[in-house]
Amino acid sequence: MTEISERAVVRRLNDRFGFGPAPGDLDAGADATVRRVLGPASDAAAAAVRPPTGLEPPEGVQKPEGAKKQGGAKTPQDKDAKKAANKQRAAQERKLTIWWLDRMVVSRTAGERLTWFWHGHFATSNQKVRNAAWMLAQNQTQRTLALGRFGDLARAMVVDTAMIRWLDGQKNRKGSPNENLAREFMELFTLGIGHYQEADVAQAARCLTGWVLRKDVATFQRRRFDSGTKTLLGKTGDFDAKGFAGLALAQPASAGFVIGRLWFRLVSATPPDAATVARLSSAYGVNREVKSLLMAMAAEPAFKDPASSLVKEPVEWAVGLLRALRLQPSKLEEKEQTKLLAGLRGMGQLPFRPLSVGGWPAGASWLTTSAGVTRLQLAQQLARKADLSGVKNAEDVAALLGVDGWSERTKSALAGVKDPAQLTAVAACAPEYVVSG
Amino acid sequence: MDNLTRRRFLTLSGVTAAGALAAGATQVNWSDLMAAAVDDPLPSDQSVLVVITLYGGNDGLNTVVPAADPAYQKARPDLAYQQNEVLDLGDGLGLNPGMKGLKGLWDDKRLAIVRGVGYPEPDRSHFRSMAIWQTASPKSPIPTGWLGRWLDATGADPLRAVSVESTLPPLLAGETTAAASLPLRGLSLLDGALGTAYAALGKPSPGEGHWQARAAKSVLDLQNATQVLGKAVKSGHEQEDEDDEERTKGASAGGTSQLGAQLELIAGLIEAGVPTRAYSASLGGFDTHADERGTQQRLLTELDGALTPFAQRLQKTDRGKNAVVLVYSEFGRRVQANGSDGTDHGTAGPVFLLGEKVSGGFYGNQPSLTDLSNGDLKAGTDFRDVYATVLQHVLGADPAQILAGHQTTIDGLLRA
């Protein structure tokens, strides 16, 4: 098998374990790059971007959980209050999203990229959660545990406040099960279809009873918990939420499922062969160490295979471009921020708004005609805001964006453009940049 | 890696939709076909299919409501509609009170309801079941959608099918061709050096990798789609998702809102005579595990509010009169309500067809509420019967070729 050059490997490491190279990153060697992205426990540059405050939901508008609808028509005051509260919620979500995009842009380790991956894996949307503070808390949990043990993360997510709200966990009580969280936890988070039965879903729902949503956090109420004996996934006992998570994680299918999901997003659309899976499983280990798994993925021959290309997700593409152009979302004017968020929405991917609990699609789903229009518009908008004084020709843009090189097709397309902003915008839409080759 | 392993992997990874799209290789001369389409718009006697996907598993029992059935009232006491609340359809069934416009179409004999539609050994995963409906392959996963295969079989022209969503649904992905997708505010690209340079990115480049070639082809497709569709589409028609407490309760299983805007765009395209035979639109939010009644009625009202003016508008033009609308969801909900005034994932549900060519009325049998399979409805009609009917009578295709030999159609449902 031919391998890509070391510089291309470095670029891939930056693309796959980060959000693309920052200026200068491609001059480092592969080993040094692995040490930078997967070595440190914390990311000082990203940590310096302080999380937003004042995300508490608007007072007195959110109905208490379980309250039955009141009869009677809504007064105009009710409507105005609701409108104002929705506006406030939208402003909080926007603040949160810009903060996270900022963090992604300045991040120097794989921690932020993996936080993004876990967000898509445990896909929770603020569309239903409607509480930016809870979304932030979930996001911080995912960040803290991003490169640690998968079991810790899964156990944290099954009782996470935003997750419980998203999948109706607070509605699941003894004697009146709600299966939403139980089913998706096995199907999408830990095991995959085919590795559990319908009976397991019903029993798992019993394990997840007892959780309610208080004003600021999900809490466990023993009297709502079904403490009876449950039989699921081949075991019998008085399992609770964490017990259920443990049972799922102990299933033989769990490791392969998580490895497959990470591989598909970080390495290649072609699944790993059996020998590769065996090597990766061994690195992942009984403790399910995510960082060790990623180290092993980076060392796989497939990581250097020219065929292991991936279409960048819209957020990865936009953050990579912002980084290359030295633009920080929080420092853009408000109007420009609005356009950035509208552009991401138009391409089909807005942070904190996964399309469904199944997360976002991949590959050719991002290469639609409508996404193409938005991509060009956003690239133009960002290029106009950047300092492009060093950009004169296609080679300068390749260096700026960290592209390995242009094809003859793209060289010829770029040759007709003189204006640096236009040159950069078109280059950012070239197949060589839209795809992490 | 062999195909079976690959498919299994993609399925187990929960990425079936992406897998369906990843599998195809595109080597068609799109430009030639498009140029022909500009010169030769869709003949006004050709029929058009509009498929509307309801994401999240719409509760069929609270859509076409067996309000007179004591077993229904008993199974969901706080969720059930009373007989005097629903819009009477006869046969002891009534439409959800949110569907007043569709009741009008029913009275005009332009709405058909196929009852108890599903497939054997139903899967209760949103993603697997939706993949089954979209690929029309109940037994084993395959990487192409049923309309994608129709595209493959009829000349591999992506503009013959159009999605009005930002991501492409798997039903429109074929082995060699994927449908075009169109943003609600229309397509317009820039002129001048920038436009020329961007267009030039669409040329294939020798030796480039699979995904880069696909990216280049998407630029080419965009150029061609813009030439044809750009003129037909009004600009500035984009609204934000309405942030509404009722609709957000069932949001976890995906799908977009703005169905009205999607259908308005489709109506414009049909009237403009673009050479598209199949359209796809969607509405999400039907994953109603809690507080279902208000949420679902709100969504069905939105569906009704989008479909009714669409059907009325289509009736006014010759091209519109040849359009048939198909509405489905990946499964219905369980008969018994859960403890949170919602329902968990179930099986069979009703499928709606409407339009001038539709012979209104009921088709298929209403599933029994007492003869259940593990608490779930038994399907009486295979969803592929519905597909075979529209493939044959709307798209003029041989169903067996596209549905792996399945060719049973539903008699009398559509007029020739």
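Calculation criteria
Residues numbered from 1 in each chain as written. Chains lettered and ligands numbered in written order. Predicted model: local features only at pLDDT ≥ 70, side-chain atom pairs only at ≥ 80, totals over all residues. Heavy atoms only, no water. Helix = DSSP H or I, 4+ residues; strand = E, 2+ residues; numbered from the N terminus. Buried < 20%, exposed > 50% of the residue type's maximum accessible area, 1.4 Å probe, protein only. Contact = heavy atoms within 4.5 Å. Areas by Shrake-Rupley, 256 points an atom, 1.4 Å probe, with all protein chains shown as cover. Phe/Tyr/Trp six-rings, centres within 6.5 Å; stacked < 30°, edge-to-face > 60°. Pairing = 2+ DSSP bridges. Axes fitted to C-alpha atoms, helices over the stretch in contact; angles between N-to-C directions. pLDDT = per-residue confidence, 0-100. Salt bridge = Lys/Arg side-chain N within 4 Å of Asp/Glu carboxyl O. Buried area = accessible area lost by both parts, 1.4 Å probe. Polar contact = N/O pair within 3.5 Å; in protein donor to acceptor, adjacent residues only side chain to side chain. Nonpolar A, V, L, I, M, F, W, Y, C, P; charged D, E, K, R; others polar. Core = buried A, V, L, I, M, F, W, Y, C linked by side-chain atoms within 4.5 Å. Parallel < 35°, antiparallel > 145°, perpendicular 65-115°, else oblique.

Caption draft 1: Representation of the overall build of chain B. Looking only at helices and strands, chain B has 15 helices and 12 strands in total. The buried share of chain B, reckoned over its 416 residues, is 64%. Residue pairs at least 24 apart in sequence account for 75% of intrachain contacts in chain B once pairs closer than 6 positions are excluded. A total of about 14,300 Å² of accessible surface is found on chain B, and carbon and sulfur atoms cover 48% of it.

Caption draft 2: Quick look at helix α8 (residues 150-158) of chain A. Counted residue by residue, α8(A) has 7 buried out of 9 residues, so it is predominantly covered. Among the residues of α8(A), those classed as buried are A:F150, A:G151, A:L153, A:A154, A:A156, A:M157 and A:V158.

Caption draft 3: Geometry of the packing of aromatic side chains. All names here are of chain A. If you walk through the whole model with that rule in mind, you get 20 aromatic pairs over all chains. Arranged with centres 5.2 Å apart and planes meeting at 50°, the rings of F185 and F244 form a pair that is tilted. Placement of the pair is F185 in helix α10 (residues 180-190) and F244 in helix α12 (residues 241-250), with a sequence separation of 59 residues. Using a relative accessible area of 0% as the deciding quantity, one classes F185 as buried. Owing to a relative accessible area of 0%, F244 belongs among the buried residues under this scheme.

Caption draft 4: Geometry of the pairing of strand β3 (residues 87-90) of chain B. Of the two faces of β3(B), only one is covered, namely that formed by B:L87 and B:L89; the face formed by B:D88 and B:G90 stays uncovered. The hairpin formed by β3(B) and strand β4 (residues 93-95) of chain B contains 2 residues between the paired strands, and B:D91 there has a positive phi angle of roughly 60°.

Caption draft 5: Region of the structure containing the sheet that holds β3(B). Residues and elements named next belong to chain B. Taken together, the 3 strands give an open sheet; going across it, the order is β2-β4-β3, and neighbouring strands pair in antiparallel fashion. Only two strands of the sheet have a single neighbouring strand rather than two, namely β2 (64-65) and β3. Examined bridge by bridge, β3 and β4 share 3 bridges and lie antiparallel to one another. Along β4, the bridge assignment pairs D88 with G94. The sheet contacts of helix α5 (residues 100-107) involve β3 and β4, and relative to β3 the element is tilted by about 30°.

Caption draft 6: A look at the confidence of the model for chain A. With 96% of its residues at a pLDDT of 70 or more, chain A has an overall mean of 94. Counted against residues more than four places away or in other chains, residues 64-71 of chain A, with its pLDDT under 50, gives 9 contacts.

Caption draft 7: Up close: the pattern of salt bridges. Overall, the coordinates contain 40 salt bridges over all chains when judged by the stated rule. Between A:R279 and A:E300 there is a salt bridge, with the nearest N and O atoms lying 2.7 Å from each other. Highlighted residues: A:R279 in helix α14 (residues 274-284) and A:E300 in the loop between α15 (290-299) and β5 (310-311), separated in sequence by 21 residues. Given the relative accessible area of 5%, A:E300 is considered buried. Across the pair B:D91 and B:R115 runs a salt bridge, and its minimum N-O distance is 3.3 Å. Here the residue B:D91 occupies a position in the loop between β3 and β4, and B:R115 occupies one in strand β5 (residues 111-118), the gap between them amounting to 24 residues.

Caption draft 8: Layout of the interface of chain A and chain B. Opposite the 77 residues of chain A that make contact, chain B presents 73 residues. Between chain A and chain B, a total of about 6,400 Å² is buried, with carbon and sulfur atoms accounting for 58% of that surface. The largest per-residue losses of area from chain A upon contact with chain B belong to A:I193, A:T369 and A:R409, which jointly make up 11% of the total buried on that side. At the boundary of chain A with chain B, the tally comes to 3 salt bridges. The partner of B:R334 in a salt bridge is A:E179, with the nearest N and O atoms 3.0 Å apart. On the surface where chain A and chain B come into contact, there are 12 residue pairs in polar contact (both at pLDDT 80 or more). It is helix α18 (residues 369-385) of chain A that contributes the most residues to the side of chain A that touches chain B, 8 residues altogether. Classifying every residue of the side of chain A that touches chain B gives 29 nonpolar, 28 polar and 20 charged.

Caption draft 9: View of unusual backbone geometry. Residues and elements named next belong to chain B. Residue D91 is not a glycine yet carries a positive backbone phi of 60°. Even without glycine at this site, E121 takes up a positive phi of about 45°. Following the sequence through the fold, E121 ends up in the loop between β5 and α6 (126-135).

Caption draft 10: Looking closely at the pairing of strand β8 (residues 278-283) of chain B. All names here are of chain B. Judged by how many residues are buried, β8 sits mostly within the fold: 6 of 6 residues are covered. What you see with β8 is no split at all: A278, S280 and S282 on one side and Y279, A281 and L283 on the other are buried throughout. By the bridge criterion, 6 bridges tie strand β1 (residues 48-54) to β8 in an arrangement that is parallel. Among the inter-strand pairings, I52 is bridged to a residue of β8, identified as A281. As paired strands, strand β6 (residues 161-163) and β8 are joined by 3 bridges and run parallel to one another. Paired with V162 across the two strands is Y279, which belongs to β8.

Caption draft 11: Spotlight on the nonpolar core. A:L114, A:W118, A:L262, A:L294, A:W317 and A:W406 are the most contacted members of the largest nonpolar core, which has 158 residues in total. Examining the composition of this core, we find that 9 residues originate from one element, helix α13 (residues 252-266) of chain A, more than from any other. Not counting residues up to four positions away in its chain, the partners in contact with A:L294 are A:F17, A:L38, A:L114, A:L147, A:L262 and A:L266. Listed in part, the 52 residues of the second largest apolar core include B:M99, B:L300, B:L303 and B:F362.

Caption draft 12: Layout of the packing of helix α4 (residues 76-106) of chain A against helix α7 (residues 132-144) of chain A. Residues and elements named next belong to chain A. In contact at an axis separation of 9 Å, α4 and α7 are set at 20° when each is read in the N-to-C sense. Judged by the inter-axis angle, α4 sits roughly parallel to α7. From α4, Q92, E93, L96, W99, W100 and R103 reach across to α7, where they touch A132, M135, L136, N139, Q140 and R143. In terms of residue class, the contact of α4 with α7 is built from 6 nonpolar, 3 polar and 3 charged.

Caption draft 13: Quick look at the environment of A:A371. Residues and elements named next belong to chain A. As for its position among the elements, A371 is in helix α18. Residues A371 and D396, 25 residues apart in the sequence, show an inter-C-alpha distance of 26 Å. Those residues within four positions of A371 in sequence are excluded, and the remaining contacts are M347 and W366.

Caption draft 14: Molecular detail of the side chain of A:Q337. By secondary structure assignment, the location of A:Q337 is in helix α17 (residues 334-347). Setting aside anything within four residues of it in sequence, one finds A:Q337 in contact with A:R94, A:I98, A:P329, A:S330 and A:L332.

Caption draft 15: Region of interest: the environment of B:L354. For B:L354, the location among the structural elements is in strand β10 (residues 349-354). Sequence-distant contacts of B:L354, defined by excluding residues within four places in its chain, comprise B:L102, B:L105, B:R110, B:L111, B:L307, B:A311, B:A323, B:V324 and B:V325.

Caption draft 16: Local environment of the packing of α13(A) against α14(A). Residue and element names in this part refer to chain A. The geometry of α13 relative to α14 is characterised by a closest axis approach of 10 Å and an angle of 105° between their N-to-C directions. The angle between α13 and α14 places the two elements in the roughly perpendicular class. Judged by residue contacts, A255, V258, I259 and W263 of α13 engage T276, L280, S281 and Y284 from α14. A breakdown of the residues in the contact of α13 with α14 according to their chemical character gives 6 nonpolar, 2 polar and no charged.

Caption draft 17: Main features of the side chain of A:R89. Residue and element names in this part refer to chain A. Tracing the backbone through its elements, the reader meets R89 in helix α4. Looking at R89, the relative accessible area reads 6%, which means it is buried. At a separation of 3.1 Å, a polar atom in the side chain of R89 contacts the side chain of N86.

Caption draft 18: The arrangement of the confidence of the model for chain B in detail. Residues and elements named next belong to chain B. Considering every residue of chain B, the mean pLDDT works out to 85; 85% of them sit at 70 or more. Every residue in residues 1-37 is under pLDDT 50, and counting partners more than four places away or in other chains gives 80 contacts. Model confidence for the complex is summarised by a pTM of 0.87, with the ipTM given as 0.90.

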